[in-house]
Amino acid sequence: MKIAVSTYSYQRLLSSGAINQMECVVKTREMGADAIEFVDILPHDGSSRKEYAQKLQAECEQVGLEISCYTVAADFISGSGGDLDAEVERVKGEVEIAAILGAPCMRHDAAWGPGKYRSFEEALPVMAEGCRRVTEYAALLGIKTTVENHGFFCQDSDRVERLMLAGGAEKFWCVCGS
């Protein structure tokens, strides 16, 4: 068994500026963990997000810490101004950061609410399309995707199952619970 720590566990310290993600790497290893999950990329040194991802990957390699996952926010209903194509492209950019990190998987949300749709049933095909397109792109880079069941709109297990089936269940690796 391997133990991983999410940088979300350091969120209060990260938000206050008391620690940065590079320091999270060192602290996580000092605590005896085997791996780390990065939640977003938060450069503290003026680097671009891709440059900082390279630095984080190198630091993890230096201290002997695996990168278990990269996690980002996504909203295929209302994200990027409600433009599905733009949101898919934005999330594909996050897949590229996952590849720089060497993360074997990337976790993202499907939607936080119904947006312009009246119901989950109406929104389902759009969420499934967004998830499917990101998953297919990630597969080209050797990365598996997971869908987080955040919020109340897409949280219930029956809704998550319907999302998986609508998006092509064989394409999804797993669904994470919150």
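Preceding this paragraph is the structure being described.
What you see is a predicted model; the values in this text were computed from it and never measured.

Digging into the nonpolar core
Here's step 1: Ranked by size, the top nonpolar core spans 47 residues in total, and within it F38, Y70, L101, M106, M127 and L163 carry the most contacts.
Here's step 2: At the level of elements, α2 (21–30), β2 (35–39), α3 (49–63), β3 (66–72), α5 (84–101) and α6 (120–140) are the ones that each hand at least two residues to this core.
Here's step 3: For this core, the element with the most residues is α6, which contributes nine residues.
Here's step 4: For M127, the residues in contact, after removing those within four places along its chain, are F76, I77, A110, A111, F120, F153, C154 and L163.

A word on the pattern of salt bridges
Here's step 1: Tallied over the entire structure, the rule returns 16 salt bridges.
Here's step 2: Between K27 and E30 there is a salt bridge, and its shortest N-O distance comes to 3.7 Å. Taken as a pair, K27 and E30 lie in helix α2 at a separation of three residues, close to a single helical turn.
Here's step 3: Among the residues examined, E30 registers a relative accessible area of 58% and is labelled exposed.
Here's step 4: The residue R107 makes a salt bridge to E148 at a minimum N-O spacing of 2.2 Å. Here E148 lies in strand β5 (residues 144–148) and R107 lies in strand β4 (residues 105–108), a separation of 41 residues in the sequence.
Here's step 5: You can call R107 buried: its relative accessible area is 14%.
Here's step 6: Judged by its relative accessible area of 3%, E148 falls in the buried class.
Here's step 7: A single salt-bridge network, built from bridges that share partners, covers D40, R49, E87, R90 and E94.

Rules behind the numbers
- Residues numbered from 1 in each chain as written.
- Predicted model: local features only at pLDDT ≥ 70, side-chain atom pairs only at ≥ 80, totals over all residues.
- Heavy atoms only, no water.
- Core = buried A, V, L, I, M, F, W, Y, C linked by side-chain atoms within 4.5 Å.
- Buried < 20%, exposed > 50% of the residue type's maximum accessible area, 1.4 Å probe, protein only.
- Helix = DSSP H or I, 4+ residues; strand = E, 2+ residues; numbered from the N terminus.
- Contact = heavy atoms within 4.5 Å.
- Salt bridge = Lys/Arg side-chain N within 4 Å of Asp/Glu carboxyl O.

By themselves, these observations are geometric and do not establish any function.
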